[in-house]
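# Structural overview for review
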Amino acid sequence: MNYEYAFLDNVDEEVVLGGYWPGIQLYYPPVKYNPAQGEYETMEQAAERIRKHAHHCQAHTLLFDLEDGCRQKEMSRQLLIQELPKFPERNFQIALRINPFRTPEYEKDLEMIKAVAEHIDVIILAKAGEVYGAAEIRDLSAWLVSVNDKIEIQPIIEHPRSLKLAPDLMQFPSVKHVVFGIHDFSKAMAIHLTPEGWIDELRTYLRNLLLEARIAGKGVIGGVEVLINNNSMPESFIEPNDVRRWLDLHGDHESHVVHRHAVEEAQMGLTGKQVIHPYHIHLCKVAFTPSPMQIKRNVQVLKAAIEADALLGGAIRFEGEMLDPPMFGKALQTLLRAYALKSLSEEDKMFAMDVLKRLPVHVIRENWPYGKI
């Protein structure tokens, strides 16, 4: 066997596939303002809310914000030191958005992280690269080595200067995904976004970021919606037809907009999306995650290609369509996307790995640049 095809036999699947994606990231305030009372929670009230709701987060990532969305910063840090070790076994990541590099609040955030580093998966760096460039990621990465080298860094691109430096920010192994901070970015560009049209209004910049990320083998996490829907779609609705039916019968204007944006971001190849309300979670998860029927169809496509010995050359007829290697690559991407979003069965994952073993290295890199080969 050619060595180019045999490397997967001795390599960990998580290394090859690049691990799990950030997926849907839910912003969660550590200490929350209560408008009914006109005051902030006490430590006891905030801790009770975290234990009641955050412990059972349905998003892929629970994101505690210590920057713009956090007024009670010191109390929030003390709360997280107290509460993060108390989380039960979880199937979601915990992320912290920290303050800009080398500010006084940043230094305080690092002291807090040092105290609970084993309970943190991701550090999201606000205003990344705006003052010191890529040195911010370099220094934070070096610091994390001595604290917890498994923590990833997600720089937020919030300024045209950061977008221009994006390739430099992505060069570090600690960075697997970057965040497109649409609201700060649009402010810096003097673009007045609309809740319904922000993707079109920022499309050029989003595509530029996606291009750089694809070249670097990194992912991009999409924008935060400001519209809040009044109805929550049941989690049993996962097939596209079921989702469309629920939206037609029960979805309000806000639900349609949030879901439509998430679908477009997923189609553009983003690896996650940040949300500010629990009602956004499932609407966005179904947009990003291949459904069971979609997974089944793509498995069948790949099996037919293998049977016809057409995986690397040739064409097949499948359900009235003519399919060739680029389509087979997209079918494989669908399975690997499902894996990255924790929705691929063990059987289908093993099949996807078998397909990868049949491909030369350069074809794997073309189809899935997120892992290490």
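The following paragraphs examine the structure supplied in this document.

Basis of the calculations
Residues numbered from 1 in each chain as written. Predicted model: local features only at pLDDT ≥ 70, side-chain atom pairs only at ≥ 80, totals over all residues. Heavy atoms only, no water. Helix = DSSP H or I, 4+ residues; strand = E, 2+ residues; numbered from the N terminus. Buried < 20%, exposed > 50% of the residue type's maximum accessible area, 1.4 Å probe, protein only. Expected span 1.5 Å × (residues − 1). Arc of directions from axis to C-beta. Contact = heavy atoms within 4.5 Å. Pairing = 2+ DSSP bridges. Axes fitted to C-alpha atoms, helices over the stretch in contact; angles between N-to-C directions. Phe/Tyr/Trp six-rings, centres within 6.5 Å; stacked < 30°, edge-to-face > 60°. Lys NZ or Arg CZ within 6 Å of the ring centre and 35° of its normal. Parallel < 35°, antiparallel > 145°, perpendicular 65-115°, else oblique. Nonpolar A, V, L, I, M, F, W, Y, C, P; charged D, E, K, R; others polar. Polar contact = N/O pair within 3.5 Å; in protein donor to acceptor, adjacent residues only side chain to side chain.

With that settled, the discussion passes to the environment of P29. Relative to the helices and strands, P29 is located in the loop between β1 (23-28) and β2 (33-34). Of the residues examined, P29 reaches a relative accessible area of 28% and is grouped as partly exposed. Taking the C-alpha atoms as reference points, P29 and I182, 153 residues apart in sequence, are found 19 Å from one another.

Further remarks concern helix α5 (residues 104-116). Over its 13 residues, α5 runs 19 Å from end to end, which matches the ideal 18 Å to within 8%, given 1.5 Å per residue. The set of residues buried in α5 consists of Y106, D109, L110, M112, I113 and V116. All buried residues of α5 lie within an arc of 165 degrees about the axis, which places them on one face of the element. Opposite its buried face, α5 presents the exposed residues P104, E111 and A115, each directed more than 90 degrees away. Contacts made by the buried residues of α5 are with α4 (73-83), β5 (93-98), β6 (122-125) and α6 (135-145).

With that out of the way, let us pick up the sheet that holds β5. Taken together, 8 strands build a closed barrel; the order of strands is β1-β4-β5-β6-β7-β8-β9-β10 and the barrel is parallel. When the angles between neighbouring strand axes are averaged without regard to direction, this sheet yields 25 degrees. Where strand β9 (residues 219-222) and strand β10 (residues 272-275) come together, 2 bridges link them in parallel fashion. Note that in β10 the partner of I221 across the bridge is G272.

Bringing the packing of aromatic side chains into the picture now. We describe a pair of aromatic rings using the distance from one ring centre to the other and the angle between the two ring planes. Per the counting criterion, the structure on display carries 11 aromatic pairs. With 5.1 Å between their ring centres and 65 degrees between their planes, Y33 and Y40 make a pair best called edge-to-face. What makes Y33 partly exposed here is its relative accessible area of 41%. Three or more aromatic residues joined by ring pairs form one cluster here, namely W21, W368 and Y370. The lysine or arginine in question, K303, covers the ring of F351, its NZ or CZ lying 5.6 Å from the ring centre. One Lys or Arg, K342, reaches over the ring of Y20 and ends 5.0 Å from the middle of that ring.

Interaxial distance between α4 and α5 falls to 9 Å at its minimum, and their mutual angle equals 10 degrees. On the basis of their axis angle, the class for α4 and α5 is roughly parallel. Listed contacts from α5 to K73, E74, R77, L80 and I81 of α4 are E105, K108, D109, M112, A115 and V116. For the contact of α4 with α5, the residue count by class is 5 nonpolar, no polar and 6 charged.

Right, let's get into the side chain of T61. Relative to the assigned elements, T61 resides in strand β4 (residues 61-65). T61 gets classed as buried once you look at its relative accessible area, which sits at 0%. Of note is the side chain of T61, whose polar atom sits 2.8 Å from the backbone oxygen of P22. In this structure T61 touches P22, I24, Q25, L26, F92, Q93 and A95, once residues within four positions along its chain are discounted.

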